[in-house]
Amino acid sequence: MKAITLITGASAGIGAELARVFAKNGHELVLVARRQDRLDALADAIAATGRPRPAVLTADLERRDAVANLAAELSSRGLEPVIVVNNAGFGLSGAAAALDRAEQLAMIDLNIRALTELSLVFIDSLARHRGGILNVASIAAFLPGPGMAVYYASKAYVLSFTEALHRELSGRGIKVTALCPGPVQTEFQARSGMRLPPIARIVELSAQEVAQIGYRGLMRGKRVVVAGIGNKIAVTLLHLIPNAVLLASLQNRR
Ligand SMILES: NC(=O)c1ccc[n+]([C@@H]2O[C@H](COP(=O)([O-])OP(=O)(O)OC[C@H]3O[C@@H](n4cnc5c(N)ncnc54)[C@H](OP(=O)(O)O)[C@@H]3O)[C@@H](O)[C@H]2O)c1
């Protein structure tokens, strides 16, 4: 079996940059998302740098059978993950009671269910290779998010689950890291209907910077990586403020 790094949500934004960083550091890749044309273009671009061309697998990870199908496809191609990068995710902006319920549940299917299944399904192969799991959370994981309630809660799950897994799998030689980016200009804003407030510019990083920080954090075996000094300060301050005060000060996003 050939050892590969599996990256979800590689067709855009942070995931595409993670693919470039992993490829640059000599990892052979399998790229996963729904848009095949985007994945093919990225695979071609990576191949053009002289690295092996990543394999491309299209999957809608909101579907219940997606991970089982993905695992079967990898196995039939003689590929086994040494690292899994759970990056695919989306948010929705608006009051939870007003937003479409099916869409919010689909967000949970992607951000939580698929991430959990993909974190667990390849553990034997990750352990054999002393590999790792990089789960993309967010600084949203550190506070409740009125106006984006389900998204924030989904990222709190990712952070909590990943920290616990870090502890559980350390004895098997598997590195497990939660990457917590702050604001990054990607397709995320258009899909979520979220507008970044001007103040977010202060802590904004590029997708490329976030990908490099995430890669380094995983390789160093960090449990949690908050991307960028501004976000680190913000998260430290958040720990000092009671949720009641925080919630009273947060305006509902439209
Ligand atoms: N941008 C930010 O400010 C920010 C901040 C903190 C954390 N994050 C997190 O970072 C991660 C990447 O976000 P991004 O900003 O790079 O967003 P993005 O540009 O919208 O990219 C999202 C990626 O997820 C894939 N995806 C979405 N739905 C999918 C599905 N049902 N099945 C398979 N793949 C799916 C998309 O590909 P297809 O559409 O081709 O399927 C795309 O490759 C997310 O987990 C997000 O929550 C983002």
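Residues numbered from 1 in each chain as written. Predicted model: local features only at pLDDT ≥ 70, side-chain atom pairs only at ≥ 80, totals over all residues. Heavy atoms only, no water.

Draft legend 1. Expanded view of the environment of isoleucine 213. Structurally, isoleucine 213 is set in helix H8 (residues 207-219). Residues isoleucine 213 and alanine 41, 172 residues apart in the sequence, show an inter-C-alpha distance of 24 Å. Sequence-distant contacts of isoleucine 213, defined by excluding residues within four places in its chain, comprise Leu205, Val225, Ala227 and Gly228. (Helix = DSSP H or I, 4+ residues; strand = E, 2+ residues; numbered from the N terminus. Contact = heavy atoms within 4.5 Å.)

Draft legend 2. How the structure looks around the sheet that holds strand E7 (residues 224-226). Read from one edge to the other, the open sheet built from 7 strands follows the order E3-E2-E1-E4-E5-E6-E7, with strand pairing classed as parallel. With one partner strand each, in any of the chains shown, strand E3 (55-58) and E7 form the two edges of the open sheet. Averaged over all pairs of adjacent strands, the angle between strand axes in this sheet comes to 25°, irrespective of strand direction. With 4 bridges joining them, strand E4 (residues 79-86) and strand E5 (residues 132-136) adopt parallel strand pairing. When the sheet's bridge partners are listed, isoleucine 83 is paired in E5 with glycine 132. (Pairing = 2+ DSSP bridges. Axes fitted to C-alpha atoms, helices over the stretch in contact; angles between N-to-C directions.)

Draft legend 3. Broad picture of the pattern of salt bridges. Scanning the entire structure with this criterion turns up 16 salt bridges. A salt bridge links arginine 20 to glutamate 17, with the nearest nitrogen and oxygen atoms 3.7 Å apart. Of this pair, arginine 20 and glutamate 17 both sit in helix H1 (residues 13-24), 3 residues apart, which is roughly one turn of that helix. For the salt bridge of aspartate 65 with arginine 63, the shortest nitrogen-to-oxygen distance reads 3.2 Å. Here the salt bridges share partners, and the residues they tie into one network are Arg64, Asp109, Arg113 and Glu117. (Salt bridge = Lys/Arg side-chain N within 4 Å of Asp/Glu carboxyl O.)

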